[in-house]
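Next come the chains, spelled out residue by residue.
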Amino acid sequence: MRAWKAVWPLTIALVAGGATARVADRVRLPFSVGERLSYKVNANGVGGHGTMSVDGPVDVRGREAYHLRFDVKAGVGPIKGKNVTESWLDPDRMAALRFRASERRPFSKHDEQVELYPEERRWETEHGKSGESPTDAPLDELSFIYFVRSLALDTDSTYTFDRYYDPQRNPTTVRVISRDALSTAAGEFRTVLVEMRVRDPEHYKGEGRLRFYLSDDACRIPVRIESAMPNVGLVTFSLESYEHPSASCTAERQ
């Protein structure tokens, strides 16, 4: 249940590393420090809760970064799992500077930390593995979700990016499917449905497919997230409550 290892006759092709694929003006970003999103989680009948948050700014090697965090807990009785995914994102360049993931399941665990150096187009893990990035504005599996929120998301559009820091995970395709109303415990929202396809041999045995129902307003809040994972089934995150510093979140219907 990792968040991600973190989205169609008009086609827009945007290539990673280009200025057209960046959101340089922080004021225009749909998220900011203080955002808190709480979710009810269902993984093939197994319940849980998740939280997405934006904190900071914090210093990462002399750069100001937003601290993005996705916490997920799910299970039955004493048998529970916990996943924490974190990303440190430079909001001016929309480039990830650091990524960390921690998984705890019965009888197994996994930890990962990656330092990203956008200007040098390279990355390295805490265990010494390293590689070249295809762009000077790299993203990881969590920051990619926030990046998708920053796109125009015009109806019937497709976007293609080589923005994942590890080139083996590229390309990522983001497709705008439809617009509709969606009800959750947090209310009824006007939403735009976005599908993201990404290469992820570790978790999806090839290509992963994620669906985001984003609020159809300036905040682009993920109202519902869906992911079909091998050996797990359909995992859904349904919005229960949210806090957003901006007054521009107008998609909720009272």
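Residues numbered from 1 in each chain as written. Predicted model: local features only at pLDDT ≥ 70, side-chain atom pairs only at ≥ 80, totals over all residues. Heavy atoms only, no water.

Asks: Explain the pairing of strand β11 (residues 187-200) residue by residue, including any values.
Replies: The element β11 is extensively covered by neighbouring structure, given that 10 of its 14 residues are classed as buried. Where strand β10 (residues 172-184) hands over to β11, the hairpin turn is made up of 2 residues, counted between the paired strands. Sheet topology places β11 next to strand β15 (residues 252-253); 2 bridges connect them, and they run antiparallel. In the sheet register, Glu-188 faces β15, and the bridge partner there is Arg-253. (Buried < 20%, exposed > 50% of the residue type's maximum accessible area, 1.4 Å probe, protein only. Helix = DSSP H or I, 4+ residues; strand = E, 2+ residues; numbered from the N terminus. Pairing = 2+ DSSP bridges.)

Asks: Lay out the pairing of strand β7 (residues 122-125) in plain terms, naming residues and giving numbers.
Replies: Only one face of β7 is buried, namely the one carrying Trp-123 and Thr-125, since none of Arg-122 and Glu-124 on the opposite face is buried. Of the pairings in the sheet, the one linking β7 to strand β8 (residues 130-132) comprises 3 bridges and is antiparallel in character. Pairing of Trp-123 across the sheet is with Gly-131, part of β8. Counting the residues that bridge the hairpin from β7 to β8 gives 4 residues, and of these Gly-128 lies at a positive phi of roughly 95 degrees.

Asks: Which residues make up the pattern of salt bridges, and what are the values?
Replies: Under the criterion given, the structure shown has 17 salt bridges. Among the salt bridges present, the one from Glu-195 reaches Arg-209, with a minimum N-O distance of 3.6 Å. Remark: Arg-209 occurs in strand β12 (residues 206-215) and Glu-195 occurs in strand β11; sequence separation between them is 14 residues. A residue is classified by how much of its surface remains accessible, and Arg-209, at 41% relative accessible area, is partly exposed. Among the ionic contacts, a cluster of salt bridges with common partners joins Arg-69, Asp-71, Glu-86 and Arg-100. (Salt bridge = Lys/Arg side-chain N within 4 Å of Asp/Glu carboxyl O.)

Asks: Can you break down the state of the cysteines residue by residue, with the values?
Replies: Counted by the stated rule, this structure contains 1 disulfide. One disulfide in the model links Cys-219 with Cys-249; its S-S distance is 2.1 Å. What sets the handedness of the Cys-219 and Cys-249 disulfide is the S-S torsion sign, and at about -90 degrees it is left-handed. Separated by 30 residues along the polypeptide, Cys-219 in the loop between β12 and β13 (222-229) and Cys-249 in the loop between β14 (233-243) and β15 bring together distant segments of the chain. Given the relative accessible area of 1%, Cys-219 is considered buried. (Disulfide = S-S within 2.5 Å.)

Asks: Break down the packing of aromatic side chains for me, with residues and values.
Replies: Tallied over the entire structure, the rule returns 10 aromatic pairs. Ring centres of Tyr-39 and Phe-237 lie 6.3 Å apart, and the angle between their planes is 90 degrees; on these two criteria the pair is classed as edge-to-face. With Tyr-39 in strand β1 (residues 36-43) and Phe-237 in strand β14, this pair connects stretches of sequence that are 198 residues apart. The residues Tyr-39 and Phe-237 share a single accessibility class, namely buried. Against the face of Trp-88 rests Arg-98, its NZ or CZ located 5.7 Å from the ring centre. (Phe/Tyr/Trp six-rings, centres within 6.5 Å; stacked < 30°, edge-to-face > 60°. Lys NZ or Arg CZ within 6 Å of the ring centre and 35° of its normal.)

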